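Fold and geometry: a report
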Amino acid sequence: MTLTSQSEVLSDLDPTLNETTITVTQQVLSDYEAQMFLLVVRIACCSIIGLFGMVSNVINLYVFVKQGLNTSININFFAMAISDLIRIVTVQWMNFCSLPNIDTLGIPWVFSDIRYLSASWPTGCANRITLFITAYITAERFLCIVFPLKIKKMIKPSRTVLILLAIDVVNTLGLVPEYASVYYEWKFYPAKNRTLLGMAFRSNRSSTQGVTFSIHAALLTIALIAVIVFTIVLVIQLKSKSQWRKDNTGNKSQMESMSTRDKKTVKLVILIAVVMAFCYTPAVVLSLVSSFISDFGVGGRQANLFHSTWSFAYLTGIINASVNIFIYYKLSSKYKSTFQELFGLTSQTKQ
């Protein structure tokens, strides 16, 4: 099996540059090293983990429907499972389009072009949606601690649905500049002596090129900062409330019960923060670097490093989309009970 050349492995974020624009000198990684990194990290590892993630998110969807979509938290987790499932499917499609020798199948497509609009940007959009949903969940839990008696009036299931729809709309609109200037068209490729379906560009491409990437970087950064800030504030508030309860609760057993609930919530929040920070930081950092450093791009002097590091970002994103089932099972007795009921297991967990 022959690996594709570096000039053929076009960027999943902006493949508009052709072979002649790619600088191959002074590369940190050689073509072979970059190709092996792409093959092992993104195509192999992402695909394997993604298969598990698809199954786990289908299970999550079933569990939350089974429990009922009549609470804000269940609606949020249900929406997150949908977003995670979409981004896993689009990454799997992207990996298929990136397979070595994929063009030898005889399908009349330019797969590097096809994956750009059908996989790469939908994946990025789904990533942002998941991150914004997490930010909203964290903010909502913070409000639950600060306003425990008013929260049911402040955040109703219907309002949560509207907020989630707004998140979807805002992030989808971020793709408009790209899809307004790039489209698919049948073209004749002299080098292959074939007419293939590939990308074509409208006359407004020069004014829109890079706009979607800047929007992507900005939205990712805003959402990640929101998750971190709300999580930190929530942890501080939980500790403060826990200490107040200890100082003002006379019943020892009730005090211990509250303390246990607080500890579980803190663990959940910390775990969410760690997983989100680990899995999304690479994509946020790479998006910012790609926006400001011209050498770090498909046509830059460090094109091989660009492809390799973005492969790692895709991997961490797939991991994040696949591990929530473990978090729910470990820290939610209600989820655990429904999960065990689904698979006919004897539930040992009290509701």
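Residues numbered from 1 in each chain as written. Predicted model: local features only at pLDDT ≥ 70, side-chain atom pairs only at ≥ 80, totals over all residues. Heavy atoms only, no water.

In the annotation of an unreviewed UniProt entry, the entry for the protein reads Growth hormone secretagogue receptor type 1, and the organism field reads Biomphalaria pfeifferi. Per UniProt, the protein carries the Subcellular location (unreviewed entry) text "Membrane". (UniProt positions renumbered as here; feature names shortened; annotations may be inferred.)

1. Points about helix α12 (residues 333-342)
Along α12, the positions that sit buried rather than exposed are Tyr335, Ser337, Thr338, Phe339 and Gln340. A positive phi of about 70° marks Gly344, the residue just after α12. (Buried < 20%, exposed > 50% of the residue type's maximum accessible area, 1.4 Å probe, protein only. Helix = DSSP H or I, 4+ residues; strand = E, 2+ residues; numbered from the N terminus.)

2. What about the UniProt feature "transmembrane region" (unreviewed entry) in the protein?
In the numbering adopted here, UniProt assigns the feature "transmembrane region" (unreviewed entry) to residues 39-63, 161-180, 213-236, 268-289 and 309-329. Within the segment residues 213-236, helix and strand shares are 100% and 0% respectively, and the terminal C-alpha atoms sit 35 Å apart. Taken end to end, residues 309-329 is 95% helix and 0% strand, and its first and last C-alpha atoms sit 32 Å apart.

3. Describing the packing of aromatic side chains
Applying the stated rule across the entire model yields 16 aromatic pairs. Measuring from centroid to centroid gives 6.3 Å for Phe96 and Phe111, while their planes differ by 80°, and the two rings are edge-to-face. Here Phe111 lies in helix α3 (residues 111-146) and Phe96 lies in helix α2 (residues 72-97), a separation of 15 residues in the sequence. Here Phe96 falls in the partly exposed class, since its relative accessible area comes to 33%. Residue Phe111 is classed as buried on the basis of its relative accessible area of 1%. Aromatic pair Phe339 and Phe343: ring centres 4.8 Å apart, planes at 45°, arrangement tilted. Look at Phe339 and you get buried, because its relative accessible area is 16%. Taken together, the ring pairs in this structure connect Phe64, Phe77, Tyr328, Tyr329, Tyr335, Phe339 and Phe343 into an aromatic cluster. (Phe/Tyr/Trp six-rings, centres within 6.5 Å; stacked < 30°, edge-to-face > 60°.)

4. Examining unusual backbone geometry
Its identity as a non-glycine residue notwithstanding, Asn101 has a phi of 65°, on the positive side. For Asn101, a relative accessible area of 31% gives the class partly exposed. For Asn193, which is not a glycine, the phi torsion comes out positive at approximately 55°.

5. Some points on the pattern of salt bridges
Scanning the model with the defined rule gives 3 salt bridges in all. Here Arg87 and Asp84 are joined by a salt bridge, their closest N and O atoms 2.9 Å apart. Taken together, the residues span about one helical turn, with Arg87 and Asp84 both in helix α2 at a distance of 3 residues. The pair Arg87 / Asp84 is uniform in exposure class, with both members buried. Of the charged contacts, one joins Asp103 and Lys192 as a salt bridge, the two residues approaching to 3.7 Å between their closest N and O atoms. Note that Asp103 is positioned in the loop between α2 and α3 and Lys192 in the loop between β1 (182-189) and β2 (194-201), a separation of 89 residues in sequence. In this structure Asp103 comes out as partly exposed when scored by relative accessible area, which is 36%. (Salt bridge = Lys/Arg side-chain N within 4 Å of Asp/Glu carboxyl O.)

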